Amino acid sequence: MAMFKPSQPMMARLRLTTKQVNGGYYKGNRTGSMGYFAKNGSYVINWKKVRTYVVPENLADFKLTPFVTKRMAPTKGKYTREIEKNGRTVIVERAFGAKDYLDMWASDNGQEVLEQERLEQESAASEAASQQESAASEVASR
C-alpha cells in the first residue's frame, strides 16, 4: 500500500487542532516555552529560557534612535467630557461609548443610513395615509 503526503495547499486545510487530537495536546501561540508543567500541575520557570532585554550602557549617547521621539508632546484623546471641579471646568478624557460607535458607523456607512431613513419616512407616510383612509371610512359610515 502506497503512502501519500498531502500538498502544501492541502496542509493549510489539514492543520492540526486541539479538536483533532485526544487530551494532552497543546498547540501554543508561538511565544515559546519558558519552563515546564510539574506533575502536581504547577508551572516551573526555567530561567535559562526566559527572554532578557539588555539596555545599552550610556543610553543617552547611544547611536540608534527609538521609533518615536522622546520629545513628542502627549496627544489628546478624541473623546472628552467637561466636568466642574473647584468652580472651574476641566476637560477629562472619557471612554468610547455606544453613541460614539453609532456615530462612527453612520459616518462610515452614509448610503445605508440614508436608505434606512428613506424607508422609515415611506413607512411613516404610508401609516399616515392608512390612518386618514380609516378616518375617512369611519366618517362615511356614520
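Computed from a predicted model, the values in this text were never measured in an experiment.

## Here's the deal with the packing of aromatic side chains
Geometrically, a pair of aromatic rings is defined through the distance of the ring centres and the angle of the planes. One pass over the structure, following the stated rule, counts two aromatic pairs. Here Phe 37 and Tyr 43 contribute two aromatic rings whose centre-to-centre distance is 4.9 Å and whose plane-to-plane angle is 65°, an arrangement assigned as edge-to-face. Phe 37 gets classed as exposed once you look at its relative accessible area, which sits at 63%. With a centroid separation of 5.1 Å and 75° between ring planes, the pair formed by Tyr 79 and Phe 96 is classed as edge-to-face. Taken together, the positions of Tyr 79 in the loop between β2 (43-45) and β3 (80-85) and Phe 96 in the loop between β4 (88-93) and α2 (98-108) put the pair 17 residues apart, joining distant regions of the chain. Tyr 79 sits in the partly exposed class, given a relative accessible area of 22%.

## As for the packing of α2 against helix α3 (residues 110-141)
With their axes 5 Å apart at the nearest point, α2 and α3 run at an angle of 100° to one another. The angle between α2 and α3 falls in the class roughly perpendicular. When α2 is examined against α3, the residues Trp 105, Ala 106, Ser 107 and Asp 108 are found in contact with a partner set consisting of Gly 110, Glu 112 and Val 113. Looking at the contact of α2 with α3, its residues break down into three nonpolar, two polar and two charged.

## With respect to the side chain of Asp 100
Here Asp 100 shows up in helix α2. Apart from residues no more than four positions distant in its own chain, Asp 100 is found in contact with Tyr 79, Arg 94 and Ala 95.

Calculation rules
Residues numbered from 1 in each chain as written. Predicted model: local features only at pLDDT ≥ 70, side-chain atom pairs only at ≥ 80, totals over all residues. Heavy atoms only, no water. Phe/Tyr/Trp six-rings, centres within 6.5 Å; stacked < 30°, edge-to-face > 60°. Buried < 20%, exposed > 50% of the residue type's maximum accessible area, 1.4 Å probe, protein only. Helix = DSSP H or I, 4+ residues; strand = E, 2+ residues; numbered from the N terminus. Axes fitted to C-alpha atoms, helices over the stretch in contact; angles between N-to-C directions. Parallel < 35°, antiparallel > 145°, perpendicular 65-115°, else oblique. Contact = heavy atoms within 4.5 Å. Nonpolar A, V, L, I, M, F, W, Y, C, P; charged D, E, K, R; others polar.

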